[in-house]
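Observations on the model geometry
Residues per chain, in single letters:
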Amino acid sequence: VQLQASGGGLVQAGGSLGLSCAASGNTYAVGWFRRAPGKEREFVAAIAWRTGKTSYADSVKGRFTLSRDNAKNTAYLQMNSLKPEDTAVYYCAADKGWYPPFRYGMEYWGKGTQVTVSS
């Protein structure tokens, strides 16, 4: 399983950014985690490829939307109303099971992409 994340960057508070995760291999779910400086890794969101069911961290509910395009094997995280506390390195990940909020992470990981929200 290989995961290729793209997107991210710098945005002002209240703005929007999108992340993409292109996946290869057979997995049940794909999701995003983030790690802010000095903090533990945090689950952000996950989606099941086949059913489209989703799970979100409380901190992002109503602001972030995770979707997928099965034909392209790509998941998209749309992040709106961004806050400075959303600043982190975001990691795309995938798993062969469905265990939200994936307290122990997922089986497969992509490289991180930086998201910086300025105040």
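Data block above holds the structure.
Residues numbered from 1 in each chain as written. Predicted model: local features only at pLDDT ≥ 70, side-chain atom pairs only at ≥ 80, totals over all residues. Heavy atoms only, no water.

Looking at the sheet that holds strand β8 (residues 74–79)
In spatial order, the strands read β1-β3-β8-β7; together these four strands make up an open sheet with antiparallel pairing. The sheet terminates laterally at β1 (2–7) and β7 (64–69), the two strands that pair on one side only. Direction aside, neighbouring strands of the sheet carry axes that sit 15° apart on average. Bridging between strand β3 (residues 17–24) and β8 involves six bridges; their strand directions are antiparallel. Bridge pairing links C21 to A75 in β8. (Pairing = 2+ DSSP bridges. Helix = DSSP H or I, 4+ residues; strand = E, 2+ residues; numbered from the N terminus. Axes fitted to C-alpha atoms, helices over the stretch in contact; angles between N-to-C directions.)

Looking at the pattern of salt bridges
Under the counting rule described, the total for this entry stands at four salt bridges. Linking R34 and E42 is a salt bridge whose minimum nitrogen-to-oxygen distance equals 2.8 Å. On the accessibility criterion, R34 (5% relative accessible area) is buried. In this structure E42 comes out as partly exposed when scored by relative accessible area, which is 30%. (Salt bridge = Lys/Arg side-chain N within 4 Å of Asp/Glu carboxyl O. Buried < 20%, exposed > 50% of the residue type's maximum accessible area, 1.4 Å probe, protein only.)

Let's talk about the nonpolar core
Grouped together as the largest cluster of nonpolar side chains are 36 residues, with contacts concentrated most on W32, V44, F64, L66, L77, M79 and Y90. The set of elements that each furnish at least two residues to this core consists of β1, β3, β4 (29–35), β5 (41–48), β7, β8, β9 (88–95) and β10 (108–118). (Core = buried A, V, L, I, M, F, W, Y, C linked by side-chain atoms within 4.5 Å.)

As for the state of the cysteines
This model, assessed by the stated rule, comprises one disulfide. The disulfide partner of C21 is C92, and the gap between their sulfur atoms is 1.7 Å. Between C21 and C92, the S-S dihedral sits near -65°, and the bridge is therefore left-handed. Here C92 lies in strand β9 and C21 lies in strand β3, a separation of 71 residues in the sequence. (Disulfide = S-S within 2.5 Å.)

Brief notes about unusual backbone geometry
Of the consecutive residues P100 and P101, the connecting peptide bond is found in the cis state with omega at 5°. The residue P101 is located in the loop between β9 and β10 in this model. One non-glycine residue, N73, adopts positive backbone phi at about 50°. Within the element layout of this structure, N73 appears in the loop between β7 and β8. A relative accessible area of 40% means that N73 is categorised as partly exposed. Phi is positive for S81, close to 50°, though the residue is something other than glycine. Position of S81 among the secondary structure elements: in the loop between β8 and β9.

Some words on the sheet that holds β4
Hydrogen bonds between backbone atoms are what pair the strands of a sheet, whose relative direction is either parallel or antiparallel. Pairing is mixed in the open sheet, where six strands are placed in the order β2-β10-β9-β4-β5-β6. Two strands lie at the open edges of the sheet, namely β2 (9–12) and β6 (54–56), each paired on one side alone. Strand-to-strand, the axes of this sheet are offset by a mean angle of 25°, without reference to chain direction. Note that β4 and β5 share seven bridges and pair antiparallel. Each bridged residue has a counterpart across the sheet, and for R34 the counterpart in β5 is E42.

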